[in-house]
Amino acid sequence: SPAELEERFDATIAADQRIEPRDWMPEAYRRSLIRQIAQHAHSEIIGMQPEGNWLLRAPSLRRRAILLAKVQDEAGHGMYLYAAAETLGVDREELTEKLIDSKQKYSSIFNYPTLSWADIGVIGWLVDGAAIANQVPLCRCSYGPYARAMIRICKEESFHQRQGYESLLALTAGTEAQKRMVQESVDRWWWPSLMMFGPADGDSPNTHQSMAWGIKRHTNDELRQRFVDMTVPQAAVLGVTLPDPDLRWNDERQAHDFGEPDWSEFTAVVSGAGPANRQRLDHRRRAHENGAWVREAAQAYAEKQGARA
Ligand code: ACO
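Residues numbered from 1 in each chain as written. Predicted model: local features only at pLDDT ≥ 70, side-chain atom pairs only at ≥ 80, totals over all residues. Heavy atoms only, no water.

*Asks:* Describe in detail the site of the ligand, supporting the description with residues and values.
*Replies:* Near the ligand lie 30 residues; those nearest to it are Gln39, Lys105, Ser108, Ser204 and Lys216. Note that a nitrogen atom of the ligand is positioned 3.3 Å from one of the backbone N or O atoms of Met195. In the environment of the ligand, an oxygen atom lies 2.8 Å from a nitrogen or oxygen atom belonging to the side chain of Asn220. A total of 960 Å² of accessible area belongs to the ligand in isolation, and the protein chains cover 91% of it. Only α2 (27-46), α6 (118-135), α7 (144-172) and α11 (263-273) provide two or more residues apiece to the shell around the ligand. Sorting elements by how many residues they give to the shell around the ligand places α2 first, with six residues. Looking at the shell around the ligand, its residues break down into twelve nonpolar, 13 polar and five charged. (Near = heavy atom within 4 Å. Polar contact = N/O pair within 3.5 Å; in protein donor to acceptor, adjacent residues only side chain to side chain. Areas by Shrake-Rupley, 256 points an atom, 1.4 Å probe, with all protein chains shown as cover. Helix = DSSP H or I, 4+ residues; strand = E, 2+ residues; numbered from the N terminus. Nonpolar A, V, L, I, M, F, W, Y, C, P; charged D, E, K, R; others polar.)

*Asks:* Can you explain the packing of aromatic side chains? Please cite residues and give values.
*Replies:* For the coordinates displayed, the defined rule picks out nine aromatic pairs. Taking 6.0 Å as the distance between ring centres and 55° as the angle between the ring planes, the aromatic pair formed by Trp125 and Tyr165 counts as tilted. Here Tyr165 lies in helix α7 and Trp125 lies in helix α6, a separation of 40 residues in the sequence. With a centroid separation of 5.5 Å and 45° between ring planes, the pair formed by Phe197 and Phe227 is classed as tilted. Here Phe197, found in the loop between α8 (176-195) and α9 (207-212), pairs with Phe227, found in helix α10 (residues 220-238); they are 30 residues apart in sequence, far enough to count as distant. Taken as a pair, Phe197 and Phe227 share a single burial class, namely buried. Aromatic rings pair up to connect Phe9, Trp24, Tyr29 and Trp213 into one cluster. When the ring centre of Trp54 is taken as origin, the NZ or CZ atom of Arg57, which lies over that ring, is 3.9 Å away. (Phe/Tyr/Trp six-rings, centres within 6.5 Å; stacked < 30°, edge-to-face > 60°. Buried < 20%, exposed > 50% of the residue type's maximum accessible area, 1.4 Å probe, protein only. Lys NZ or Arg CZ within 6 Å of the ring centre and 35° of its normal.)

*Asks:* I'd like to hear about unusual backbone geometry, residue by residue, with values.
*Replies:* Backbone geometry places Ser102, a non-glycine residue, at a positive phi of 60°. Along the chain, the position of Ser102 falls in the loop between α5 (92-100) and α6. For Ser102, a relative accessible area of 52% puts it in the exposed group. Its identity as a non-glycine residue notwithstanding, Gln254 has a phi of 55°, on the positive side. Inspection of the secondary structure puts Gln254 in the loop between β1 (248-250) and β2 (255-257). Looking at Gln254, the relative accessible area reads 51%, which means it is exposed.

*Asks:* Report on the confidence of the model for the chain, specifying residues and quantitative values.
*Replies:* Averaged over every residue, the pLDDT of the chain is 97; the share at 70 or more is 100%. On the interface metric, ipTM, the complex scores 0.98, and its pTM is 0.96. (pLDDT = per-residue confidence, 0-100.)

*Asks:* Outline a negative patch on the surface, supporting the account with residue identities and numerical values.
*Replies:* On the surface, Glu4, Glu6, Glu7 and Asp10 cluster together to form a negatively charged patch. Checked against the element boundaries, Glu6 lands in helix α1 (residues 2-14). (Patch = residues over 30% accessible without salt bridge, like charges linked within 9 Å, V, L, I, M, F, W, Y side chains within 5 Å. Salt bridge = Lys/Arg side-chain N within 4 Å of Asp/Glu carboxyl O. Lys, Arg positive; Asp, Glu negative; His and termini not counted. Charge placed at Lys NZ, Arg CZ, Asp CG, Glu CD.)

*Asks:* So what's going on with the pattern of salt bridges? Residues and values would help.
*Replies:* As a working rule, side chains carrying opposite charge can pair if their charged atoms are close by. Inspection of every chain in the model, using the stated rule, returns 20 salt bridges. Arg217 is paired through a salt bridge with Asp16; the nearest N and O atoms lie 3.0 Å apart. Of this pair, Arg217 sits in the loop between α9 and α10 while Asp16 sits in the loop between α1 and α2, placing them 201 residues apart in sequence. Classification of Arg217 by relative accessible area gives partly exposed; the value is 22%. Judged by relative accessible area, which is 40%, Asp16 ranks as partly exposed. Glu86 is paired through a salt bridge with Arg92; the nearest N and O atoms lie 3.2 Å apart. Judged by relative accessible area, Glu86 falls into the partly exposed class, the value being 29%. For Arg92, a relative accessible area of 29% puts it in the partly exposed group. Each of the salt bridges in this network shares a partner with another, and the network as a whole consists of Glu51, Lys70, Glu74 and Asp128.

If you want it as structure tokens, here you go:
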């Protein structure tokens, strides 16, 4: 009976076990997972653009090969995540349509332009660092296919984070101009990286329910704090200043105090008015249209094979 199914679902969540695609689940749980996983997949796919911008301008063959591998990893992450979403009964064609019609979101961070080569290192260090802080707990998400996809994604993300940091170590050991380029890039990316964790807990409509369902394991503010505490010593090693006059160690809390991100900027970027929103979606739409013949050919081939069988 429906009551028994719901009881079994609640017991699985309470025992911290995994919900699998064949299991009964409340419609709102399914919808919320599709929302989050689709947004996550779209972020990986759109996230290729700011870095792709530097593929042909990387300063050496070695740096170009590393960047190319990283951008390919991101395409792979998008694919695992669309596959995880498909286990919930949607298909990726439909999700892509929703992305290019602006009916589903992707991470705010990818709406900022990459203006210098240092941005590539800083994205690895800060953006992938924030992604790891946010995603490691998702390896314990209550929905099995999402949790399992996250394990591999997190391994690759930590490689991305280290390559970014290593590239910044090289730049900060370089000329004065290179050091200035790194600082200028950190100044632009710091606050948008903090915004990746989502709105403050008091303004986060989904956190409470997502935590009750074991989809999220920590609140947005908890993870933002963890990221700040992790990053401050890394900034000291690089010799860069994080652009926040309120940032200081709080001995009582055993954590850093820090300033408030500009939430009006966050709202604007999420609702489509960021510096590169138009460009990102136009590019994605064009790529989708240019790929139509491949999808049609694959479909025709599958039909022909089916008819023969
Ligand atoms: N950029 C764009 N939209 C955001 C962001 C952000 N940085 N943060 C929150 N939002 C959206 C939420 O999707 C939600 O919108 P919706 O209700 O229309 O779906 C709204 O703002 C309110 O936020 P919350 O209630 O806090 O939403 P949620 O509980 O889903 O938490 C979070 C947001 C932390 C991003 C969560 O969805 C998550 O952990 N997602 C998986 C990780 C992810 O998507 N990472 C992508 C960037 S990392 C990378 O790709 C390298």
